[in-house]
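# Structure at a glance
If you want the building blocks of each chain, they are given just below.
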There are 2 protein chains.
Amino acid sequence: MSDSTAAGQEPVTADRLAHRVPDLGALQLLIAIARLGSLGRAARELGITQPAASSRVRAMERQLGVALVDRSPRGSKLTDAGALVTDWARRIVEAAEAFDVGAQALRDGRDKRLRVAASMTIAEYLLPGWLIALRHERPGTAVQLLAGNSQFVAERLLADAVDLGFVEGLTVPSGLTGVVIARDHLVVVAAPTHPWARRRRPLDPEELARTPLILREHGSGTRQVLDAALGGLADPLLELASTTAVKASAVSGAGPSVLSELAVGEELAARRLVRVPVDGVPLDRALRAVWRVGHRPVGPARDLLSLTRAG
Amino acid sequence: MSDSTAAGQEPVTADRLAHRVPDLGALQLLIAIARLGSLGRAARELGITQPAASSRVRAMERQLGVALVDRSPRGSKLTDAGALVTDWARRIVEAAEAFDVGAQALRDGRDKRLRVAASMTIAEYLLPGWLIALRHERPGTAVQLLAGNSQFVAERLLADAVDLGFVEGLTVPSGLTGVVIARDHLVVVAAPTHPWARRRRPLDPEELARTPLILREHGSGTRQVLDAALGGLADPLLELASTTAVKASAVSGAGPSVLSELAVGEELAARRLVRVPVDGVPLDRALRAVWRVGHRPVGPARDLLSLTRAG
DNA sequence: ATGTGGACATAAGCTGGCGTTATGAGTGAC
DNA sequence: GTCACTCATAACGCCAGCTTATGTCCACAT
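Throughout this description, residue numbers start from 1 for each chain and increase along the sequence as written. The order in which chains are written sets their letters, starting at A; the order in which ligands are written sets their numbers, starting at 1. Where totals are concerned, whole chains, interfaces and linings use all residues; where local detail is concerned, this predicted model gives features only for residues with pLDDT of at least 70, and gives and counts side-chain atom pairs only at 80 or more. To obtain the side-chain values, all non-hydrogen atoms of the structure were used and water was disregarded.

When you line up the elements, E267 of chain A lands in helix 11 (residues 261–269). Three exposure classes are used, based on accessible area relative to the maximum for each residue type with a 1.4 Å probe and protein chains only: buried under 20%, partly exposed in between, and exposed over 50%. Overall, E267 of chain A belongs to the buried group, its relative accessible area being 4%. Two residues qualify as a contact provided that any one of their heavy atoms is within 4.5 Å of a heavy atom in the partner residue. The contacts of E267 of chain A, once residues within four sequence positions are left out, are K247, V251, R272 and L273 of chain A together with E94 of chain B. Only runs of H or I of at least four residues qualify as helices and only runs of E of at least two qualify as strands under DSSP, and these elements are numbered from the N terminus.

Each copy of the sequence occupies a distinct position, and chain B is placed on chain A by a rotation of 180 degrees and an axial shift of 0.0 Å, giving an RMSD of 0.1 Å. The transformation relating the two chain copies, once decomposed into turn and shift, fits a two-fold axis. Considering only C-alpha atoms, the part of chain B nearest the rotation axis is E266 of chain B, at 2.4 Å. Of all interface residues in chain B, 100% are interface residues in chain A too; the two copies therefore contact each other through one and the same surface. Superposition of the copies used a least-squares fit over C-alpha atoms from residues whose pLDDT is at least 70 in both.

Before going further, it helps to examine the protein's contact with DNA strand C. We call a residue near a molecule or strand whenever a single non-hydrogen atom of that residue lies within 4 Å of it. Around DNA strand C, a shell composed of 22 residues is seen, among which L39, S54 and S76 of chain A together with T49 and R56 of chain B lie nearest. Among the atoms of DNA strand C close to the protein, meaning within 4 Å, 73% are from sugar or phosphate groups. Identification of polar contacts relies on pairs of N or O atoms within 3.5 Å, with a donor-acceptor requirement for protein atoms, meaning one able to donate a hydrogen and the other able to accept it, and with residues adjacent in sequence counted only if both atoms are side-chain atoms. In this structure, a phosphate oxygen belonging to DNA strand C sits 2.9 Å away from a side-chain N or O atom of R58 of chain A. Take T49 of chain B: an N or O atom from its side chain is 2.6 Å from a phosphate oxygen of DNA strand C. Within the residue set of the surface near DNA strand C, elements represented by two or more residues are helix 3 (39–46), helix 4 (50–64), strand 1 (69–72) and strand 2 (75–78) of chain A together with helix 4 (50–64) of chain B. No other element matches helix 4 of chain A, which puts four residues into the surface near DNA strand C.

Residue and element names in this part refer to chain B. One side-chain nitrogen of Lys or Arg within 4 Å of one carboxyl oxygen of Asp or Glu is enough to make a salt bridge. Enumeration according to the criterion identifies 40 salt bridges over all chains in this entry. In this structure, E45 engages R35 in a salt bridge whose closest nitrogen and oxygen atoms are separated by 2.9 Å. Here E45 is found in helix 3 (residues 39–46), whereas its partner R35 is found in helix 2 (residues 24–36), with ten residues between them in sequence. Take R35: its relative accessible area is 22%, and that puts it in the partly exposed class.

Now for the UniProt feature "domain: HTH lysR-type" (unreviewed entry) in chain A. UniProt positions are given in the numbering used here, feature names are shortened, and annotations may be inferred rather than shown by experiment. The feature "domain: HTH lysR-type" (unreviewed entry), as given by UniProt, occupies residues 22–79 of chain A in the numbering adopted here. Between the first and last C-alpha atoms of residues 22–79 of chain A the distance is 17 Å; the span itself is 62% helix and 14% strand.

This part covers the packing of helix 3 of chain B against helix 4 of chain B. Two measures define how a pair of helices packs: the angle their axes make with one another and the distance between the axes. Residue and element names in this part refer to chain B. Across the interface, helix 3 lies against helix 4 with an axial gap of 8 Å and an inter-helix angle of 110 degrees. Here helix 3 is positioned roughly perpendicular relative to helix 4, judged by the angle of their axes. The segment helix 3 lies against helix 4, with L39, G40 and A43 engaging Q50, A53, S54 and V57. Residues were grouped as follows: Ala, Val, Leu, Ile, Met, Phe, Trp, Tyr, Cys and Pro as nonpolar; Asp, Glu, Lys and Arg as charged; and all remaining residues, including Gly, as polar. Looking at the contact of helix 3 with helix 4 residue by residue, the classes come out as four nonpolar, three polar and no charged. Fitted lines through C-alpha atoms give the axes, limited to the stretch in contact for helices. The angle between two N-to-C directions lies from 0 to 180 degrees. Orientation categories follow fixed angle ranges, with anything under 35 degrees roughly parallel, anything over 145 roughly antiparallel, 65 to 115 roughly perpendicular, and all other angles oblique.

Let us now look at the protein's contact with DNA strand D. Within the structure, DNA strand D sits among 22 residues, and T49 and R56 of chain A together with L39, S54 and S76 of chain B are positioned closest to it. The protein-proximal atoms of DNA strand D, defined as those within 4 Å of the protein, are 77% sugar or phosphate. In this structure, T49 of chain A approaches DNA strand D through a side-chain N or O atom, which is 2.7 Å from a phosphate oxygen. One of the side-chain nitrogen or oxygen atoms of S76 of chain B is found 2.8 Å away from a phosphate oxygen of DNA strand D. In terms of residue count, the dominant contributor to the surface near DNA strand D is helix 4 of chain B (four residues). Of the residues belonging to the surface near DNA strand D, the class tally is seven nonpolar, nine polar and six charged.

Moving on, we get to unusual backbone geometry. One non-glycine residue, D160 of chain A, adopts positive backbone phi at about 60 degrees. Mapped onto the secondary structure, D160 of chain A falls in the loop between helix 7 (150–158) and strand 5 (164–169).

Take helix 10 (residues 243–251) of chain A next. The element helix 10 of chain A is extensively covered by neighbouring structure, given that seven of its nine residues are classed as buried. Restricting attention to buried positions, one finds in helix 10 of chain A the residues T243, T244, A245, V246, K247, S249 and A250 of chain A. Buried-residue contacts for helix 10 of chain A involve helix 6 (120–137), strand 7 (213–216), strand 8 (236–240), strand 9 (257–260) and helix 11 of chain A together with helix 5 (80–107) of chain B. At the C-terminal side of helix 10 of chain A, G253 of chain A shows a positive phi close to 90 degrees.

Here it is, written out as structure tokens:
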């Protein structure tokens, strides 16, 4: 039986992805070389010595089987392949930076700095970007992040356990005020191979309601909005515990899904998923920054808030 | 002088990102634990022993300062923080998978398998996704990837050095035929703090032409389309060598930019960039799969082609 | 022609992280 | 009580990657 890997989960690419992809340090080195035009300068910037950089680049080239850097006594420049690889590398590093600020925010609970509570979708997709921006504007701001559903956010705010909250949903919990910082649109998506992908006439609510969909589990904010929009009639083909798992299944063609635009922005742009037009289903919700009535955000909370108020 | 890090380049987050972000193996382990509900099973799946997995998770928790996994004699489950971290981890792993297939395609030149030439934008943003899909459908297909401009792609096809080409642009090079597989829209984007971000009335061509923009260097496909659309009048505020550098500058608020929708999909979804409406500027181009007249794609080339023909 | 300096390569040695095997210990089912 | 499962701990070995110390090449200035 081994483990029968449920539905369209991870097909476990291969056993040693980590051995075929250089580590973060190496990727950063490559990016630094692209920018600085010299192995040695790049090494210095990363706080290692030039021979170390030289050997890492060599190792990377051996690992990938492609020449990445044109060395010359006058400096180093990326090859064409190197430039392409470097752009792919940047996306890994960006994801790692988002991970880093997120993790830091999750940890920094001990210090009594800026404390934030956010709903899952916001914590996952929006907050890391805001925190990266915040770090640029106010370096040294330590943020603590708590993630949960709307009631949890409200409870933390009312208990004065956090300074600022972010919720997605139709209403503002009582005792709180806030501003709408963006709108989130749920979108119906399907793999490009799915019949719906070629569809031009919008779906109507009944058709959506009677088609089995890949969905998050009950209780997730996304699911709530969908159930409300369809009158509780969504028909799950598959219920998965994480947004990413849902995406992966949808991309692999297991079926259509309904997801936040935030979660599938990249997949839509890259045509791994296609948006299916829908009519007459209110798949919209506001994203709000909220705080306790009478406790207008000040200091770091105000800084963070102002970063978010523009979309 | 140290190094005066040009424009809005990398502000070098901090010196040891790699020391604050677990490596790929650890992230994959975490993802596997989330899916399988057990340290030991996850270890087995990754081909390591249970004590190794135990120690890695411990190390990760120490590194991040957050409890990630709830261990019990009945199995292991992620904590709330762990679930959030795991979702961030998935994005790193996805980027790494895209890197991996791309790099593999770049290398596999020796074998005479499927050889593909593509323009930069396609090679960077679309091909990795297609190749991941191709690997699922036809495991073991070795792909060689060459990236260059349209003339280069045409030349390789005509010389029979590649089996399939992908170009972005208004015309099909002579001697080739092909099909439109998608449309790429260039979009005007600005940081949410930029005045244009709040704009509702569309920009007109003159206004766009007289505003200094952050752009790729001359000769890039994106730049060509923009120059053509504006009659060669684009006014560069900054000319950078990579799409990612342009994005980073735009996000940091250095100025507005014009970029492919493919490149900024995620930034738009996460509101790190805002799309600015434009009127009367033809910022559209077709993405085409092309091949030599009379050499209809067969075999693996046909497989790949069919994967792309749905957006 | 001839230094001189910057940039990359090579060599030798050290260290630490991560892996292994072998074992202990808690919990629930029968 | 014993089995079957979980995770933790301990002792040890290996290899990747770092450092320091050098060598080589080339461009440019003198």
